[in-house]
Amino acid sequence: MKSKTANRRLGMAVVYILLALLAFIMLIPFVWMLSASLKYNKDIFVIPFKWLPADPQFRNYVDIWTKIPLARFTMNTVKLTVIVTFLQLFTSSFAAYAFSKLQFRGRNVLFLAYVATIAVPWQVYMVPQFMFMRSLGLADTHLAIIILQAFSAFGVFLMRQFYEGIPDSLCEAARIDGMSEYQIYAKIMLPLSKPALSTLIIFTFVNTWNDFLGPLIYLTSESKKTLQIGLKMFISQYSAEYGLIMAASVLSLIPVLTVFLLLQKYFVAGITTGAVKG
Amino acid sequence: MSHTALTQAEKNRRRRKRKQALVAYSFIAPNFIGFAIFTLGPIILAFVIAFMEWDGNNPMKFVGFSNFITIFSEDRFVSSLKNTLVYSLFTVPITLALALGLAILLNQKIRGRNFLRTVTFFPYVASLVAVTAVWNMLFTPAKGGIVNQFMINVLHMAPSKWAAAPKTVMLTIIMFSVWKNMGYYMVIYLAGLQGISEDLYEAASLDGANALQRFRYVTIPQLRPTTFFVSIILTINCFKVYDIVYMLAGGSNGVINKSAIVLVYYIYEEAFRNWKLGQASASAIILFAIVLVITLIQFGGEKNYAND
């Protein structure tokens, strides 16, 4: 009996050591980023390493705004991310309602088309898509990026999977009460699908905010570039300005991390719908 | 009399049905129009262009399979194919194993569990440009880099050049990829674990199964659908790799050399630097074919298992 509790204690000790190691590995790049963003360039690679510099250089966070058009890049990214997330959420949840709760001809074929394209990486058709957009005069426009991101098959799939878990009888009852399909969607389905919507917001927000290849291909004029492209441009140009690069990196992380932390309590529930029933 | 009443009822039913179909189409239209024009259309076009010679300005010319023959004779394409395979071959199992391990660890009733779950997911949502910038500084080829210092002083090993040397560049990319993405797959596994009924574990314990046996005979089989889902998504994502390589191994002009070039970078380069759109699309079709074959194999394996 005694050896059993001893074993258990040892087991728990191992678990906690593993967890501490995990937290360390996961967090160290972020901590290092914060620390370096407050240093002079010459102090960043000094040994022994100082986690907290003696005189923190908050100037880095001020200077970066004048070194590159960071405000413009941020505005562009915020604009694109907000529009794409809204469109994605609206069109996906709207279409998913029909796929899950309404009967019509061609339902299965259309849904199959959506599911099949999830398995086709965007990289497979990015070239013809660009040529097509260019022929429409959409090269180097924000509209192209919005179109690129707003109609994903993934969103429809995720929402539809979630709606499948909501009993049809709920909709039937509402129909008998005289509600139109649009009212059922807005007043019953949407409020019930918070977990799926939150998951979709996180994914769309994160993907659009962090997207690199799309803006790299489409956006050529500097005034239209996004934060990621702008940041990469800055890193290539001033590769030795470590402090500034780290300050800009910290700033670029804040919005995604905020959205994630705000919505994360719904997140596991939302991911499950996509995964397990898929 | 009753005859006309019947047709009237039938008419009403049909009208209602037609109305419901119209309503349904109105729900789908906003997404489907965008999806059909900008996703389905280009996918079909990709298959057409792969058999054409096209520079984007002059008219297309049908050339049969010659684009495919050309790319397979090109050094950079073959390297990109090889590197993508190596990358996926290592990244998929390592990420899968670590994600499962972490999920089991963070499914225990332990202190700081929620904090750790959040922390593990952080790298996944963090923007790639920012975290690769840090990685490039942590893993700097210089001796003074924090990782090289650790190698020298703690592990007593020689410092490495990491992404700057052809031998270690893929290793660095794989390590980064595992670090960045395992949190996402961990969350999926967590969801899977939470779906396993406690009764199964209790029954196994009553039969005298120890922890290892419970893991082997309850957890693993019960997680089978999750593992199937994770492995497909993970494999597809691995073959799509591009930006990680571009940030970690791309030179200041953005060019990736032979030791790290991957398929999607090759497509990008052929299309938007060399304007050989036919060859770019042919390589894209190869990418699609690989992803398709792997997905089908995984589906086949899953089906066989389910039939047993």
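Reading guide: rules and limits
- Residues numbered from 1 in each chain as written.
- Chains lettered and ligands numbered in written order.
- Predicted model: local features only at pLDDT ≥ 70, side-chain atom pairs only at ≥ 80, totals over all residues.
- Heavy atoms only, no water.
- pLDDT = per-residue confidence, 0-100.
- Helix = DSSP H or I, 4+ residues; strand = E, 2+ residues; numbered from the N terminus.
- Contact = heavy atoms within 4.5 Å.
- Buried area = accessible area lost by both parts, 1.4 Å probe.
- Salt bridge = Lys/Arg side-chain N within 4 Å of Asp/Glu carboxyl O.
- Polar contact = N/O pair within 3.5 Å; in protein donor to acceptor, adjacent residues only side chain to side chain.
- Domains from an automatic or database assignment.
- Nonpolar A, V, L, I, M, F, W, Y, C, P; charged D, E, K, R; others polar.
- Patch = residues over 30% accessible without salt bridge, like charges linked within 9 Å, V, L, I, M, F, W, Y side chains within 5 Å.
- Areas by Shrake-Rupley, 256 points an atom, 1.4 Å probe, with all protein chains shown as cover.
- Buried < 20%, exposed > 50% of the residue type's maximum accessible area, 1.4 Å probe, protein only.
- Axes fitted to C-alpha atoms, helices over the stretch in contact; angles between N-to-C directions.
- Parallel < 35°, antiparallel > 145°, perpendicular 65-115°, else oblique.
- Left-handed = near helix turned anticlockwise from the far one by under 90°.
- Expected span 1.5 Å × (residues − 1).
- Bend = angle between axes of the 7 residues up to and from the residue.

Below, the discussion takes up the confidence of the model for chain B. Averaged over all residues, the pLDDT of chain B is 89; the fraction at 70 or higher stands at 97%. The spread of mean pLDDT over the elements of chain B runs between helix α6 (residues 146-153) of chain B, the lowest at 85, and helix α2 (residues 66-72) of chain B, the highest at 96.

Facing the 86 residues of chain A at the interface are 82 residues of chain B. Approximately 7,700 Å² of surface area, both sides summed, lies buried where chain A meets chain B, with 81% of it carried by carbon and sulfur atoms. Across the contact surface, chain A and chain B share zero salt bridges. Counting across the chain A and chain B interface gives twelve residue pairs in polar contact (both at pLDDT 80 or more).

This brings us to the domain arrangement of chain B. Per the domain assignment, the segments making up chain B are domain 1 (2-49) and domain 2 (75-307). A separation of 41 Å is found between the C-alpha centroids of domain 1 of chain B and domain 2 of chain B.

Many authors give the size of an interface as the accessible area that is lost as the parts come together. Residue and element names in this part refer to chain A. Partitioning chain A into structural domains gives domain 1 (2-57) and domain 2 (61-276). The interface of domain 1 with domain 2 comprises eleven residues on the first partner and ten residues on the second. In total, domain 1 and domain 2 occlude about 810 Å² of area from one another, counting both sides; carbon and sulfur atoms represent 74% of this. Among the residues of domain 1 in contact with domain 2, M33, S37 and N41 are the three that bury the most area, contributing 57% of the side total. Summed over the shared surface of domain 1 and domain 2, the number is zero salt bridges. The interface formed by domain 1 and domain 2 contains four residue pairs in polar contact (both at pLDDT 80 or more). Considered class by class, the residues forming the side of domain 1 that touches domain 2 number eight nonpolar, two polar and one charged.

What follows deals with a nonpolar patch on the surface. Taken together, the side chains of V86, L89, F90, I94 and L98 of chain B present a nonpolar region at the surface, about 440 Å² in accessible area. Using a relative accessible area of 31% as the deciding quantity, one classes V86 of chain B as partly exposed.

This next bit is on the packing of helix α7 (residues 153-164) of chain A against helix α10 (residues 194-210) of chain A. All names here are of chain A. Contact geometry for α7 and α10: axes closest at 9 Å, N-to-C directions at 165°. Here α10 runs roughly antiparallel to α7, going by the angle between their axes. As for how α7 packs across α10, the hand of that crossing is right-handed. Contact with α7, carried on its side by F154, G155, L158, M159 and F162, involves P195, A196, L197, T199, L200 and F203 of α10 and no other residues of that element. Looking at side-chain class alone, the contact of α7 with α10 contains nine nonpolar, two polar and no charged residues.

So, on to the packing of helix α13 (residues 242-263) of chain A against helix α4 (residues 113-125) of chain B. Helix packing for two helices is described by the angle between their axes and how far apart those axes are. Where α13 of chain A meets α4 of chain B, the axes come as close as 10 Å, and the angle between the chain directions of the two elements is 140°. In this view, α13 of chain A runs oblique relative to α4 of chain B, as classed from their interaxial angle. The crossing of α13 of chain A and α4 of chain B is right-handed. In this structure, α13 of chain A contributes V256, L257, F260 and L261 of chain A to the contact, and α4 of chain B contributes T118, F121, F122 and V125 of chain B.

Turning our attention to the side chain of S177 of chain B. Within the secondary structure, S177 of chain B is located in helix α7 (residues 169-194). Residues within four places of S177 of chain B in sequence aside, it is in contact with Y87, T91 and I244 of chain B.

Quick look at the pattern of salt bridges now. Residues and elements named next belong to chain B. Scanning all chains against the criterion turns up ten salt bridges over all chains. Among the salt bridges present, the one from R13 reaches E10, with a minimum N-O distance of 3.7 Å. Taken together, the residues span about one helical turn, with R13 and E10 both in helix α1 (residues 2-49) at a distance of three residues. R13 sits in the partly exposed class, given a relative accessible area of 42%. According to the relative accessible area criterion, E10 is partly exposed, its value standing at 31%. Across the salt bridge formed by R14 and E10, the nearest N and O atoms sit 3.4 Å from each other. Of this pair, R14 and E10 both sit in helix α1, four residues apart, roughly one helical turn.

Quick look at helix α5 (residues 122-135) of chain A now. Residues and elements named next belong to chain A. Given a rise of 1.5 Å per residue, 14 residues ought to cover 20 Å, and the 19 Å separating the end C-alpha atoms of α5 matches this to within 8%. At P128, α5 shows its largest bend, some 30°. Of all 14 residues in α5, eleven are buried; the element is thus mostly enclosed. Within the span of α5, buried status applies to W122, Q123, V124, Y125, M126, V127, P128, Q129, F130, M131 and M133. Just past α5, the residue G137 takes up positive phi, approximately 80°.

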